[in-house]
Amino acid sequence: MAAVGGVALHKPLGLLAELTHRCPLGCPYCSNPLALDARQDELDAATWHRVFHEAAALGVLQVHLSGGEPGARRDLVDIAAAAHAAGLYTNLITSAVGITDKTLDALAAAGLDHVQISIQDADASSADRIAGYDGAFARKRALAAAVVRLGLPLTVNAVVHRANIERIGEIVDLALALGASRVEIAHVQYYGWALKNRALLMPTPEQVERAAALVDELRARHRGRIVIDAVVPDYYARYPKPCVGGWGRRSLNVTPAGKVLPCHAAESIPGLEFWNVRDHSLADIWASSPAFNAFRGTAWMKQPCASCPRRELDFGGCRCQAFALTGDAAATDPVCHLAPDHAQVAELAAIRTDAPYVYRRM
């Protein structure tokens, strides 16, 4: 294994390709940054073709074609074909709004391997209200049927928060009815637009406890029929998650404008220098970018992380969350019960309002 500055340099396994920030939906928990990349700044298909081949040479095995809504790109089929030609397992992450049956057929012919469709709720009116788009729920059901018709594996991703957490059972039932092989019960991660809407999205402790018990029951009930992925939401966890498997260890994210990030929210940390695929090869960025090396390994850690036996398991937690809650990206993620700033997590989780959502818009 190679090393940079004495820190082991692992091979990345996954690439999140954010093809565009354009999206018809306005989900108030969107993981995109508040400052969205404009259409005229997006990488062209030829550059994506080069990036995919460089990613494969670097060791990447799978690419997630995401956004925004990737269907907003008129050259989406060409981009997907380039990912397939590079030998990458290709997953389309879509809102389903903007992907026609004709486009899906062309994507399948181009070598698309898998489709993930986001579902805002099992109730149509609630789903459309959360998405900020009338008719979105019906479009999702229709595209899911087309995906299954083509024989492509389907995952349903449901972002869970106070407005829909009581319907997890119905969401799993919907995923089964749609023919999905996997459903992700993804609790909101409070960065970007979700941080802006945190008090509107935050579930109660009682809701989280009921949801965790229900997920265990559903896994037992549906074993062999569907895989149910779920984790405890950050603000109610005892230990932090190992964000993206550790900073600069297993994954990278290319923004619509070509910046390469260690994680999708990394631009929220001021002072980091992000290199661009227009100026550097992906291999050079992975090994030498100041942003990727900022929190690699464990030498940067402060106490209690520096001497914690879990430091190679959770890597101090999420750097973006640490900065958002403490103002210090090198601090212990405050969701950890050992963190000096842990008390404020419970205080923030207790703040709940019922004001209108601030929808994600360009």
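Here the structure is a predicted model, which means the values were calculated and not measured.

Definitions and cut-offs
Residues numbered from 1 in each chain as written. Predicted model: local features only at pLDDT ≥ 70, side-chain atom pairs only at ≥ 80, totals over all residues. Heavy atoms only, no water. Phe/Tyr/Trp six-rings, centres within 6.5 Å; stacked < 30°, edge-to-face > 60°. Lys NZ or Arg CZ within 6 Å of the ring centre and 35° of its normal. Helix = DSSP H or I, 4+ residues; strand = E, 2+ residues; numbered from the N terminus. Buried < 20%, exposed > 50% of the residue type's maximum accessible area, 1.4 Å probe, protein only. Pairing = 2+ DSSP bridges. Contact = heavy atoms within 4.5 Å. Axes fitted to C-alpha atoms, helices over the stretch in contact; angles between N-to-C directions.

**A look at the packing of aromatic side chains**
Part 1 of the argument: One pass over the full model with this rule turns up six aromatic pairs.
Part 2 of the argument: Site record: aromatic cluster; members linked through ring pairs are Trp247, Phe295 and Trp300.
Part 3 of the argument: Between Arg296 and the ring centre of Trp286, over which it is positioned, the NZ or CZ distance is 4.8 Å.
Part 4 of the argument: Its end group placed over the ring of Tyr239, Arg310 keeps NZ or CZ at 3.9 Å from the ring centre.

**Notes on unusual backbone geometry**
Part 1 of the argument: In this structure, the amide linkage connecting Gly67 to the following residue, Gly68, adopts the cis form with an omega of 10°.
Part 2 of the argument: Here Gly68 is to be found in the loop between strand E4 (62–66) and helix H2 (76–85).
Part 3 of the argument: Phi is positive for Ala96, close to 80°, though the residue is something other than glycine.
Part 4 of the argument: Here Ala96 shows up in the loop between strand E5 (89–94) and helix H3 (101–109).
Part 5 of the argument: Its relative accessible area of 1% is what places Ala96 among the buried residues.

**Some details on the sheet that holds E4**
Part 1 of the argument: Strand order across the open sheet formed by nine strands is E9-E8-E7-E6-E5-E4-E3-E10-E11, with mixed pairing between neighbours. Two strands bound the open sheet, and with one partner strand each, they are strand E9 (227–230) and strand E11 (260–261).
Part 2 of the argument: Direction of pairing for E4 relative to E5: parallel, over a ladder of four bridges. Of the residues in E5, the one forming a bridge with Leu65 is Leu92.
Part 3 of the argument: Running over the sheet, helix H1 (residues 45–58) touches strand E3 (14–18), E4 and strand E10 (251–254) and is turned about 170° from E3.

Spatial relationships are all this shows, so hold off on functional conclusions.
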